[in-house]
Number of protein chains: 2
Amino acid sequence: MNPGRCAACRYLRRKCPPDCIFSPHFPPNAPRKFVSVHRIYGASNVAKLLQQLPPHLRAEAAESLCLEAQYRIENPVYGCVGLVSLLQQQIHDAEKQLAKIRAEIAVLKSQAQQPQAAPQENLLDIGSNLSFSNHQASYGFM
Amino acid sequence: MNPGRCAACRYLRRKCPPDCIFSPHFPPNAPRKFVSVHRIYGASNVAKLLQQLPPHLRAEAAESLCLEAQYRIENPVYGCVGLVSLLQQQIHDAEKQLAKIRAEIAVLKSQAQQPQAAPQENLLDIGSNLSFSNHQASYGFM
């Protein structure tokens, strides 16, 4: 056994070549990273995904592949998409709550006496500046 | 050519068996769905992922695999994880803005005259009920 092999080559029981595509991103001290991506994507698909990227982007890509594989193992039905839905729901709920606050502020402003007008004007400005970009995942498909 | 073959079997140039694992989820009229998952996961990994689930969950799983594959094709470095980061940033920004509103409301309350106390009390209650569950993707890995 060669202790210098990366986690991928060790798992695949092969020699780790000097230009190994896995070696920089799957060190021997973190074997589970490769086990996860291998289980979900397969070694050849991971290699293909990394090879099509310029070298300086491969570390981030390997990390995001590991995360997605991990999400899929934890949640085989929805994977990472389940987390996206959850976060979109949180943003939707926040928008509803903010709309409620803005309505209450508007009522308060209309009830206010003249001396309190200045701070309430500020509040309204803050309310109207709140924005959530409507980045929605498209769930329709082709 | 058999026009009744599912999109997967047509793409893989094979006969579509009656118990085809792909057939219910990759109809012949949506060929790109299978092309995407095949490119990212490979046919055998998709089949394996679907087979390990009970039949009533396979449609949702196939849909989420298609979405994740599509995200990865559009964003080969970050895939779906890039969208998760974006949404988490939006929630973080919203929390900051809400904290600012709450502070302004507290100032307003302290400045308010007694007759305006009732509506401002409501406002404060709304502010304190706002919550975002802190579901954070774990970016540390093993």
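On a predicted model such as this, the values are computed, not experimentally measured, just so you know.

Peer 1: Hey, could you go over the overall build of chain A for me, with residue numbers and the actual values?
Peer 2: In terms of regular secondary structure, chain A is built from 6 helices and 0 strands. Its helices and strands taken in sequence order, chain A reads α-α-α-α-α-α from the N to the C terminus. A burial count over chain A gives 44% of its 142 residues as buried. Accessible surface, chain A as shown: approximately 7500 Å² in total, 53% of it carbon and sulfur.

Peer 1: Tell me about the UniProt feature "coiled-coil region" (unreviewed entry) in chain A, residues and numbers included.
Peer 2: Annotation from UniProt places "coiled-coil region" (unreviewed entry) at residues 84-111 of chain A. Helix and strand shares over residues 84-111 of chain A are 100% and 0% respectively, and the end C-alpha atoms of the span are 41 Å apart.

Peer 1: So what's going on with the environment of Leu-65 of chain A? Residues and values would help.
Peer 2: Note that Leu-65 of chain A resides in helix H4 (residues 55-74). The class of Leu-65 of chain A is buried, set by a relative accessible area of 2%. Aside from chain neighbours lying at most four places away, what touches Leu-65 of chain A is Val-37, Tyr-41, Val-46 and Leu-49 of chain A together with Arg-72 of chain B.

Peer 1: Mind laying out the environment of Ser-64 of chain A, listing which residues take part and the relevant values?
Peer 2: Turning to its location among the elements, Ser-64 of chain A is positioned in helix H4. In this structure Ser-64 of chain A comes out as buried when scored by relative accessible area, which is 2%. Beyond its immediate chain neighbours, meaning those up to four positions away, Ser-64 of chain A contacts Arg-72, Val-77, Tyr-78 and Val-81 of chain B. Polar side-chain contacts of Ser-64 of chain A include one of 3.1 Å to the backbone oxygen of Ala-61 of chain A. Polar side-chain contacts of Ser-64 of chain A include one of 3.1 Å to the side chain of Arg-72 of chain B.

Peer 1: Quick one: what's the story with helix H4 (residues 55-74) of chain B, residue by residue and with numbers?
Peer 2: One turn of the α-helix equals 3.6 residues, which is why residues spaced by three or four share an orientation. With 20 residues, H4 of chain B should reach 28 Å at 1.5 Å per residue; the first-to-last C-alpha distance of 29 Å fits that figure. Residues of H4 of chain B that are buried: Arg-58, Ala-61, Ala-62, Ser-64, Leu-65, Cys-66, Leu-67, Glu-68, Ala-69, Gln-70, Tyr-71 and Arg-72 of chain B. Taken together, the buried residues of H4 of chain B touch helix H3 (43-51), H4 and helix H5 (79-111) of chain A together with helix H2 (31-40), helix H3 (43-51) and helix H5 (79-111) of chain B.

Peer 1: Any details on the UniProt feature "domain: LOB" (unreviewed entry) in chain A? Residues and values, ideally.
Peer 2: Under the local residue numbering, the UniProt record ascribes the feature "domain: LOB" (unreviewed entry) to residues 4-105 of chain A. Regarding residues 4-105 of chain A, the helix share stands at 70% and the strand share at 0%, and the terminal C-alpha atoms are separated by 64 Å.

Peer 1: Could you give me a rundown of the packing of aromatic side chains, with the residues and numbers involved?
Peer 2: Residue and element names in this part refer to chain A. Counted by the stated rule, this structure contains 9 aromatic pairs over all chains. On the numbers, 6.1 Å between centres and 70 degrees between planes, the contact of Phe-22 with Phe-26 is edge-to-face. In this structure Phe-26 comes out as buried when scored by relative accessible area, which is 1%. With centroids separated by 5.3 Å and ring planes inclined at 70 degrees, the aromatic side chains of Phe-22 and Phe-34 adopt a geometry described as edge-to-face. Within this pair, whereas Phe-22 is found in the loop between helix H1 (7-11) and helix H2 (31-40), its partner Phe-34 is found in helix H2, the two being separated by 12 residues in sequence. Across the pair, exposure class does not vary: Phe-22 and Phe-34 are buried alike. An aromatic cluster is defined as three or more aromatic residues linked by ring pairs; in this entry it consists of Tyr-11, Phe-22, Phe-26 and Phe-34.

The rules behind these values
Residues numbered from 1 in each chain as written. Chains lettered and ligands numbered in written order. Predicted model: local features only at pLDDT ≥ 70, side-chain atom pairs only at ≥ 80, totals over all residues. Heavy atoms only, no water. Helix = DSSP H or I, 4+ residues; strand = E, 2+ residues; numbered from the N terminus. Buried < 20%, exposed > 50% of the residue type's maximum accessible area, 1.4 Å probe, protein only. Areas by Shrake-Rupley, 256 points an atom, 1.4 Å probe, with all protein chains shown as cover. UniProt positions renumbered as here; feature names shortened; annotations may be inferred. Contact = heavy atoms within 4.5 Å. Polar contact = N/O pair within 3.5 Å; in protein donor to acceptor, adjacent residues only side chain to side chain. Expected span 1.5 Å × (residues − 1). Phe/Tyr/Trp six-rings, centres within 6.5 Å; stacked < 30°, edge-to-face > 60°.

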